[in-house]
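Breakdown of the fold
Residue strings, one per chain:
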Amino acid sequence: MKVFKIFFDLEKESNWLEKMGQDGYILRRKGTSYYFDESDEVVSNGVDYRTFKSRNDYEDYLSMFKDTGWDHVHGSKSSGKQYFSKQGRDTVYSDQDSLFQMVKRHAMYWMMISIVLAIAFRGHIATGFVPIKSLFFTPGLWELEGLRFMRSFLFELPFVLIRILNIYGFFIFSGLYLLRVLVLLSKYTKKKKYGEEI
Amino acid sequence: MGKSKLPLTETVYYILLSLIEPGHGYKIMQDIERLSQGQVRMAAGTMYGAIENLLKQKYICLVTSDDSRRKVYRITTEGMDILKQQMKRYQHMVSITEEILEG
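Thresholds applied
Residues numbered from 1 in each chain as written. Chains lettered and ligands numbered in written order. Predicted model: local features only at pLDDT ≥ 70, side-chain atom pairs only at ≥ 80, totals over all residues. Heavy atoms only, no water. Contact = heavy atoms within 4.5 Å. Buried area = accessible area lost by both parts, 1.4 Å probe. Salt bridge = Lys/Arg side-chain N within 4 Å of Asp/Glu carboxyl O. Helix = DSSP H or I, 4+ residues; strand = E, 2+ residues; numbered from the N terminus. Nonpolar A, V, L, I, M, F, W, Y, C, P; charged D, E, K, R; others polar. Axes fitted to C-alpha atoms, helices over the stretch in contact; angles between N-to-C directions. Parallel < 35°, antiparallel > 145°, perpendicular 65-115°, else oblique. Left-handed = near helix turned anticlockwise from the far one by under 90°. Buried < 20%, exposed > 50% of the residue type's maximum accessible area, 1.4 Å probe, protein only. Expected span 1.5 Å × (residues − 1).

Focus: the interface of chain B and chain A
- Each side of the interface is counted separately: chain B has 20 residues, and chain A has 20 residues.
- Buried area between chain B and chain A, summed over both chains or domains, comes out near 1,700 Å², and the portion from carbon and sulfur atoms is 50%.
- When the buried area of chain B at its contact with chain A is split by residue, Tyr48(B), Arg69(B) and Lys71(B) rank highest and sum to 34% of it.
- Put simply, chain B and chain A have five salt bridges between them.
- Of all the secondary-structure elements, those providing two or more residues to the side of chain B that touches chain A are helix H2 (25–35) and helix H3 (44–56) of chain B.
- Looking at the side of chain B that touches chain A element by element, the count peaks at eight residues for H3(B).
- Split into classes, the residues belonging to the side of chain B that touches chain A amount to nine nonpolar, six polar and five charged.

With respect to the packing of helix H1 (residues 10–18) of chain B against H2(B)
All names here are of chain B.
- As a packed pair, H1 and H2 sit with axes 9 Å apart at the nearest point and diverge in direction by 110°. Between H1 and H2, the crossing angle belongs to the class labelled roughly perpendicular. Where H1 crosses over H2, the handedness of that crossing is right-handed. Between H1, through Thr11, Tyr14, Ile15, Leu17 and Ser18, and H2, the contact on the second element is made entirely by Lys27, Ile28, Asp31, Ile32 and Leu35.
- Among the residues making up the contact of H1 with H2, the classes are represented as six nonpolar, two polar and two charged.

Digging into the pattern of salt bridges
- All told, the structure shown has 16 salt bridges over all chains when counted by the stated rule.
- Here Arg89(A) makes a salt bridge to Glu18(A), at a shortest N to O gap of 3.9 Å. One end of the pair, Arg89(A), is in the loop between strand E6 (81–87) and helix H3 (96–120); the other, Glu18(A), is in helix H1 (residues 10–22), with 71 residues separating them in the sequence.
- Overall, the relative accessible area of 26% leaves Glu18(A) in the partly exposed class.
- Two residues, Arg34(B) and Asp31(B), come together in a salt bridge whose shortest N-O distance is 3.0 Å. Placement of both Arg34(B) and Asp31(B) in helix H2 is noted, with a separation of three residues, approximately one turn of the helix.
- The exposure class of Arg34(B) is exposed, given its relative accessible area of 55%.
- For Asp31(B), a relative accessible area of 11% corresponds to the buried category.
- Where salt bridges share partners, they join Arg55(A), Glu59(A) and Arg69(B) into one cluster.

Some details on H3(B)
- In a regular helix each residue adds 1.5 Å, so 13 residues correspond to 18 Å; H3(B) covers 19 Å between its end C-alpha atoms and thus fits that length.
- Ala44(B), Gly45(B), Thr46(B), Met47(B), Tyr48(B), Gly49(B), Ala50(B), Ile51(B) and Leu54(B) are the residues of H3(B) that are buried.
- Lining the buried residues of H3(B) we find helix H2 (55–67) and H3 of chain A together with H1, H2, strand E2 (60–63) and strand E3 (72–75) of chain B.
- Two residues or fewer past H3(B), Lys58(B) is found with a positive phi of approximately 65°.

Here it is in structure tokens:
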């Protein structure tokens, strides 16, 4: 069974894979889509986010999963995301704390890229980004009036939105992701303060 | 672990206990299952992270292993220290509890 799904949120992806496992679908391959086999038995899927400095570290990591029965479905030493599946019920993380550490690692990676891009785009940012008006390429658009203006404006609007997404999409996305991690962080530290078993 | 190194979490305690005898990741997981009588369970991802932390804190260290794929660890003297400190704390807690309950 092939499922095409895009996840920006690692926690949501992890939960979805887990649910698929509970429903009897075992992950066999991951490309742009997820490929599952159906099973009558109980199966588990999981995703981890981790990068490694040396091949040695990576082999050690993989062997820990292999020894506990996991199949390494997709991932490499520096790909970050590591996908696993196995027969029986199991999870990649057994407590909230280490799961959260993983989400944090993932967020840090996106934040680093955002910073690099921000530095690369610092000219844009300094001039207050590209003025939205200039993203409309229709000649003479802003000289039009009334209904004619509205028609031309609305016609080009979707294209302008795509252009905005292309240029600033990464910032928007990373910003949203970081926001979510901060929300998780505050939820998590609140739990810790009130002594909830983590 | 912050300013105060104690208390150790149960999982850390069991990892240190397990590594009094050198071993690799899977061996630690099996030991934890056995020693805690199934009370404490560590998943592979959590295990790897915990080992990394303990290496950083120098409570465990690497030993040379024959297995090129699997790293072998053992407890350090600092690790032994903190383990014994935690044990004393548990012993104290148990004895005062018994006192109060029987008093």
